[in-house]
Amino acid sequence: MQKLEVFGSNKLKGTIDISGSKNASLPILAASLLTNKKIFLRNLPKVKDIETMIDLLRSLGSKIKFKNKELVIDNSKQNKKFASYNLMKTMRAGILVLGPLLAKFRVAKVSLPGGCAIGTRPVDIHLNSLSKLGVKYKIFQGYVHACAPRGLIGSKIRFSKISVGATENLIIAASFAKGTTILNNCAIEPEIKDLVDFLVKLGCDITWTAKRSIKIVGVEEVNETTYSIMFDRIEAGTYLIAAAITESNLKIRNLSPSILKTEIDILRKIGARVIVKKNEIQILGNKNIKSTNIKTAPYPGFPTDLQAQIMVLLCKANNRSYIKEDIFENRFMHVSELNRMGAQISINGNKASISGNIKFAPAELMATDLRASVSLILAALSTKGKSVINRIYHLDRGYEDLEKKLKKVGAKIRRVN
Ligand code: UD1
């Protein structure tokens with residue numbers, strides 16, 4: 001099994017280019033099932049989750065090939081309605097094919113999804129909301145057996161809780177339903193806006209009517225479309241934090257800084273110097289990091305996907321900090337590994353109390369999920385000596401060319417078998 005060896009703690013300097021967003025690509029790939037017209041996608045990141053989603057689409061009958069850095073999707077002969085556990089077990093976003101399959105065929109059998117082990121991660125909101133569009137379903141032996149005998153029919157839905165996945169599933173499904181759907185209490189992550197922009201470019205009729213409300217008028221046919229995926233804001237946030245942790249000077253490029261306002265505000269508050277340009281953010285880390293309290297929340301709040309990374313930084317703060325994880329109940333699996341490096345973090349329910357002024361010691365470490373893996377790398381980068389991170393397949397799910405990008409700015413990191 002591959003692992004990463006990291007030799008800290010040299011300062012980083014240079015420019016990192018941000019890849020396309022994994023979390024925007026996945027729903028857009030799922031939404032491609034809606035149409036028989038060709039779709040050309042640019043700026044997809046080369047990461048395992050995208051390969052898995054492409055394998056899932058191929059298993060459903062999609063013809064997909066890469067041509068000059070563009071992914072060409074041809075669903076004109078796509079005819080299968082069964083998404084197997086094998087392809088869904090590592091990737092929660094697999095559930096996003098349920099909406100489009102029902103819109104297209106009125107029937108689908110889709111495995112309950114897997115993904116990072118960061119909480120119970122139910123799909124009840126997806127299913128309850130789809131049932132308001134006329135879907136009947138039962139769960140049997142780990143599969144959702146669903147049908148829409150009269151097709152999908154527009155409706156008014158208020159999500160009981162803000163859910164990124166359920167909002168995406170319903171936007172996709174309602175785009176081809178009969179009549180008008182109003183979705184209230186939607187997640188408004190930038191990746192959802194990217195999905196809506198893609199669908200509108202395809203010819204769907206979708207309008208944001210209020211901050212968390214969308215009106216969707218179902219259409220029957222759409223156009224051939226070329227679309228370029230937005231940047232990965234979690235990758236960008238990870239490298240910003242990497243610079244702050246290693247007291248480095250990095251330019252992070254190919255992004256829209258306004259989308260990262262919450263992260264930039266927090267990095268400034270705890271003492272980093274952040275210079276914002278049009279498509280670039282320069283960050284100069286500071287030796288003196290101020291403690292702070294953070295809670296994760298749906299966008300525009302602080303993202304749960306950056307919680308593990310910012311926790312590493314707070315271990316270096318001048319005082320005790322607190323993090324409240326408000327999205328997932330079990331997303332502190334990085335804590336025991338960080339404590340093995342010398343961190344003093346204690347957990348009480350969904351709250352972490354983080355002692356400051358920590359000097360990490362190098363260690364052999366185990367990655368447990370995607371963002372936890374990268375937090376261990378950040379800790380190792382800031383630690384004198386050699387650390388080894390095992391189980392990096394988690395990392396490969398979501399970070400394109402991580403070692404290459406870090407090496408380019410001077411990190412000593414290598415992959416070994
Ligand atoms: C979530 C994160 C997203 C992140 C992704 C991967 C939020 C709001 N969502 O998206 O930013 O990129 O994980 O780490 O930050 N829930 C239910 N029933 C459902 C669906 C969700 O109870 O049917 C609950 C979840 O357990 C969770 C909350 O709602 O507590 C938000 O979940 P949701 O946004 O749907 O999760 P993801 O789409 O995986």
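This structure is a prediction, so every number in the text was calculated from the model and none was measured.

### With respect to the overall build of the protein chain
Link 1 in the chain: For the protein chain, the helix and strand inventory stands at 14 helices and 24 strands.
Link 2 in the chain: For the protein chain, the C-alpha radius of gyration of 22 Å lies close to 22 Å, the compact-globule estimate for 417 residues.
Link 3 in the chain: Taken along the three principal axes of its C-alpha coordinates, the protein chain extends 65 × 45 × 40 Å.
Link 4 in the chain: Relative to its full complement of 417 residues, the protein chain shows a buried share of 58%.

### Looking at unusual backbone geometry
Link 1 in the chain: With an omega dihedral of 5°, the bond running from G8 to S9 counts as a cis peptide bond.
Link 2 in the chain: Its location among the elements puts S9 in the loop between β1 (3-8) and β2 (13-17).
Link 3 in the chain: Between Y299 and P300 the backbone carries a cis peptide bond, its omega angle lying at 10°.
Link 4 in the chain: Within the secondary structure, P300 sits in the loop between β18 (293-295) and α10 (307-314).
Link 5 in the chain: One non-glycine residue, R106, lies in the positive phi region at around 70°.

### Points about the packing of helix α8 (residues 233-245) against helix α12 (residues 370-381)
Link 1 in the chain: Running from N to C, α8 and α12 point in directions that differ by 25°, and their axes come no closer than 10 Å. Here α12 runs roughly parallel to α8, going by the angle between their axes. Here α8 runs over α12; the crossing is right-handed. Here I234, T238, I241, A242 and I245 of α8 come into contact with α12, specifically with R371, V374 and L378.
Link 2 in the chain: Residue composition of the contact of α8 with α12, grouped by class: six nonpolar, one polar and one charged.

### What about the packing of α8 against α10?
Link 1 in the chain: Taken N-terminus to C-terminus, the directions of α8 and α10 make an angle of 10°; their axes are 10 Å apart at the nearest point. The angle between the axes of α8 and α10 places the two elements in the roughly parallel class. In this structure, α8 uses I234, T238, I241, A244 and I245 to contact α10, whose residues at the interface are Q309, I310, V312 and L313.
Link 2 in the chain: Of the residues contributing to the contact of α8 with α10, the split by class is seven nonpolar, two polar and no charged.

### A short note on the domain arrangement of the protein chain
Link 1 in the chain: Each assigned domain of the protein chain is listed here: domain 1 (3-19 + 231-416) and domain 2 (22-228).
Link 2 in the chain: Each of domain 1 and domain 2 has a C-alpha centre, and these two points are 31 Å apart.
Link 3 in the chain: Facing the 21 residues of domain 1 at the interface are 24 residues of domain 2.
Link 4 in the chain: Counting the surface lost from both domain 1 and domain 2, the interface buries some 1900 Å², and carbon and sulfur atoms represent 52% of this.
Link 5 in the chain: Summed over the shared surface of domain 1 and domain 2, the number is two salt bridges.
Link 6 in the chain: Between E191 and R233 there is a salt bridge, with the nearest N and O atoms lying 2.7 Å from each other.
Link 7 in the chain: Here domain 1 is connected to domain 2 by eight residue pairs in polar contact (both at pLDDT 80 or more).
Link 8 in the chain: When its residues are assigned to classes, the side of domain 1 that touches domain 2 shows eight nonpolar, three polar and ten charged.

Rules and cut-offs
Residues numbered from 1 in each chain as written. Predicted model: local features only at pLDDT ≥ 70, side-chain atom pairs only at ≥ 80, totals over all residues. Heavy atoms only, no water. Helix = DSSP H or I, 4+ residues; strand = E, 2+ residues; numbered from the N terminus. Rg over C-alpha atoms; globule rule 2.2 N^0.38 Å. Buried < 20%, exposed > 50% of the residue type's maximum accessible area, 1.4 Å probe, protein only. Axes fitted to C-alpha atoms, helices over the stretch in contact; angles between N-to-C directions. Parallel < 35°, antiparallel > 145°, perpendicular 65-115°, else oblique. Left-handed = near helix turned anticlockwise from the far one by under 90°. Contact = heavy atoms within 4.5 Å. Nonpolar A, V, L, I, M, F, W, Y, C, P; charged D, E, K, R; others polar. Domains from an automatic or database assignment. Buried area = accessible area lost by both parts, 1.4 Å probe. Salt bridge = Lys/Arg side-chain N within 4 Å of Asp/Glu carboxyl O. Polar contact = N/O pair within 3.5 Å; in protein donor to acceptor, adjacent residues only side chain to side chain.

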